[in-house]
Amino acid sequence: MDLLRRGMQRLAPKLWGLLDRLLFAGKKYVGVAVSTKGPEDSDEEDTYWEAFGDRELDGLMGVSADTASVKQERITVRHNKLVMIKKVVIFSIIMQTANQKSNACQSIFGIFLQSAHTPQKVIETLSRMGICVSVDSINTAVMSLSKEAHRGILTLGRTLLASYVYDNFDVDLKSTVHTYTLKHLTAGLLFPLQHGITLENLRCSKALWERSLLNPQVNSMDMTTKKGWKDLLTLHPDPLNEAGLNSTVSGNINSGDIEDPAECDPLQRIDVSEYVVLFHGDLGTGERLQAALHLFHLKMASADAIWRTFLQNSLARLDQNALMRDVGVLRPKETGIYGSKPGFHRMHQLVTHSGICRRLDCWRVQVKKNESSHVDLDAFAASEPLFDDLLAMADVIAKDYVADYRLRQMRSKDYMLLYEELSYAMNIGDIGRVETCVVAWILIFKATGKHKYATHMSGFLCNVHFVYPDGLQRAVQYHILVNPSGKSGSFRAVDWCMELNNLYTKVIHGGKGPNRTIDCIILESPLVQVYRNLQQVFEENFLHSHLTTRHANVDMTQTLSSWISGL
């Protein structure tokens with residue numbers, strides 16, 4: 001929007017000035033008083049702009065709204081921005097009326113309406129008003145964008161410097177005719193290989209086949225002993241720190257810039273069978289291919305393993321320190337659901353909140369042990385302890401309540417810490433720590449009957465560390481997590497990205513009503529990210545409120561306090 005404003009103002013300054021005078025008649029503009037209205041009109045306008053609320057004005061200026069003058073200045077800034085939007089729209093309508101091909105703003109607005117599933121009658125009405133292009137033009141633009149996206153995917157795939165993610169999903173196309181409406185589709189994503197991975201790192205297909213147990217021409221006597229989960233116990237050994245605890249495993253992956261596939265030289269007349277192609281998939285894919293680690297499904301399996309250990313068996317709920325007791329406090333209306341099949345989201349919340357309570361209780365006990373005058377954590381916080389003192393206490397708590405050498409069996413809080421460490425390592429992109437956590441979860445999966453996950457995880461890690469060459473090992477390890485947003489702490493598992501793409505493909509996009517067909521879903525499937533980016537641009541440029549779909553953090557203060565007081 002700002003780019004259009006600068007171009008219009010530069011090419012037609014007189015018309016732009018005329019719109020200024022028309023739209024700012026009797027108002028203040030950029031701090032220059034042109035107002036001729038009385039005090040009554042001023043109060044009425046202030047009341048109108050204050051109706052938007054201070055929250056919607058946040059971010060427009062880097063000052064606080066403590067004083068009336070600052071608040072009035074923020075209202076004026078928002079007013080000027082909204083009027084600028086109207087000027088750009090009016091200018092675009094005039095340009096499109098004079099020349100039908102001058103419809104850049106209308107074309108973008110039409111694609112935005114398509115991404116928001118605006119009814120056809122609304123689009124036609126706005127088209128007659130000159131605000132957007134016609135429905136036929138929108139459909140032509142969608143087809144052109146889809147073809148361009150397909151060409152980009154083909155170009156990236158021909159470089160061989162890409163990893164593939166596949167997943168199956170079902171779509172129920174509702175129809176008034178009694179026919180079989182359930183359709184089965186396969187979706188895929190391509191991620192460019194970053195972090196200095198080259199074709200030479202992937203040119204090891206022959207070497208892998210010579211080491212493979214499936215190769216009938218290889219003598220089994222010449223093969224090295226097959227590695228198992230016991231060999232994984234020595235992965236990423238770290239020296240003990242001064243407190244006698246294992247330090248965190250290094251190996252954070254930094255998010256790099258995504259290269260343009262068009263700048264990569266496509267393969268010409270080379271034997272692609274010499275190169276290894278990276279695939280990600282679920283357990284079904286792993287049974288037929290040596291698929292890479294799917295960490296999001298691993299995380300869900302970890303939550304299910306905790307449920308099987310502490311909640312599935314009715315005898316496991318009788319202990320006074322049982323996890324079901326935490327459910328009775330944190331989720332008193334859902335005890336029946338947690339006893340049957342709670343699902344991943346509920347288990348994730350339970351592990352998070354229960355873990356917080358148990359760790360706070362450990363801190364309370366340790367604080368009172370160090371200083372009897374601190375009857376609770378509030379009194380301890382009021383004493384303003386030094387950060388070094390907190391670190392020393394954390395080391396003591398970790399040794400006495402977690403890594404106690406007298407511990408003979410894992411307790412519930414240790415499972416929760418292991419789950420939260422896995423989640424934290426995945427979010428920050430620490431591959432070394434993720435692999436260390438996976439080794440522990442392999443044993444838990446074996447104990448809880450999730451043998452497929454245990455076999456797949458142990459086989460994958462053994463291949464990565466004992467079979468794959470160094471270049472392929474680096475390529476696999478550095479691409480089981482990706483960071484689409486490029487923000488710190490925002491790494492995501494590739495199978496999570498695949499599930500999110502499936503959600504947008506089969507639920508949000510792909511047409512509505514009679515237009516929801518297999519052909520429409522396939523046509524718009526490469527444009528999922530284009531639609532998301534376009535909606536974000538419109539939300540920011542048109543000053544929309546509620547710019548995020550993320551739920552706010554739940555205030556659990558009262559619930560956690562009642563839980564801790566009952567200990």
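Right above here is the structure, for reference.
Residues numbered from 1 in each chain as written. Predicted model: local features only at pLDDT ≥ 70, side-chain atom pairs only at ≥ 80, totals over all residues. Heavy atoms only, no water.

A. Quick look at the overall build of the protein. Along its length, the protein carries 25 helices and five strands. By the burial criterion, 37% of the 567 residues in the protein qualify as buried. Look at the contacts in the protein between residues 6 or more apart in sequence, and 66% of them connect residues 24 or more apart. Summed over its atoms, the accessible surface of the protein is roughly 33,800 Å², and 54% of this surface lies on carbon and sulfur atoms. (Helix = DSSP H or I, 4+ residues; strand = E, 2+ residues; numbered from the N terminus. Buried < 20%, exposed > 50% of the residue type's maximum accessible area, 1.4 Å probe, protein only. Contact = heavy atoms within 4.5 Å. Areas by Shrake-Rupley, 256 points an atom, 1.4 Å probe, with all protein chains shown as cover.)

B. Examining helix α24 (residues 528–541) more closely. The end-to-end C-alpha distance of α24 is 20 Å, a good match for the 20 Å that 14 residues give at a rise of 1.5 Å each. For α24, the set of buried residues is Val-528, Tyr-531, Leu-534 and Phe-538. The arc that holds every buried residue of α24, seen down its axis, measures 130°, which confines them to one face. Buried residues belonging to α24 abut α6 (104–115), α8 (135–158), α22 (494–508) and α23 (518–524). (Expected span 1.5 Å × (residues − 1). Arc of directions from axis to C-beta.)

C. Geometry of the packing of helix α13 (residues 323–330) against helix α15 (residues 344–370). The contact between α13 and α15 brings their axes to 11 Å, and the two run at 100°. By the angle between their directions, the pair α13 and α15 is classed as roughly perpendicular. For the pair α13 and α15, the contacting residues are Leu-323, Asp-326, Val-327 and Leu-330 in the first and Leu-350, His-353, Ser-354 and Arg-358 in the second. Tallied by class, residues from the contact of α13 with α15 come to four nonpolar, two polar and two charged. (Axes fitted to C-alpha atoms, helices over the stretch in contact; angles between N-to-C directions. Parallel < 35°, antiparallel > 145°, perpendicular 65-115°, else oblique. Nonpolar A, V, L, I, M, F, W, Y, C, P; charged D, E, K, R; others polar.)

D. Spotlight on the side chain of Asn-501. For Asn-501, the location among the structural elements is in helix α22. Setting aside its immediate chain neighbours within four residues, Asn-501 contacts Ala-187, Leu-189 and Val-528.

E. Local environment of the pattern of salt bridges. The tally for this structure, following the rule as stated, stands at 13 salt bridges. Between Glu-200 and Arg-203 there is a salt bridge; the shortest N-O distance is 3.8 Å. Among the residues examined, Glu-200 registers a relative accessible area of 54% and is labelled exposed. Relative accessible area serves as the criterion here: at 42%, Arg-203 is assigned to the partly exposed category. Measuring nitrogen to oxygen at the nearest pair gives 2.8 Å for the salt bridge that ties Arg-358 to Asp-326. You can see Arg-358 sitting in helix α15 and its partner Asp-326 sitting in helix α13, a full 32 residues away along the chain. By the burial criterion, Arg-358 is buried, and Asp-326 matches it. When salt bridges that share partners are traced, they join Asp-304, Arg-308, Lys-341 and Lys-450 into one network. (Salt bridge = Lys/Arg side-chain N within 4 Å of Asp/Glu carboxyl O.)

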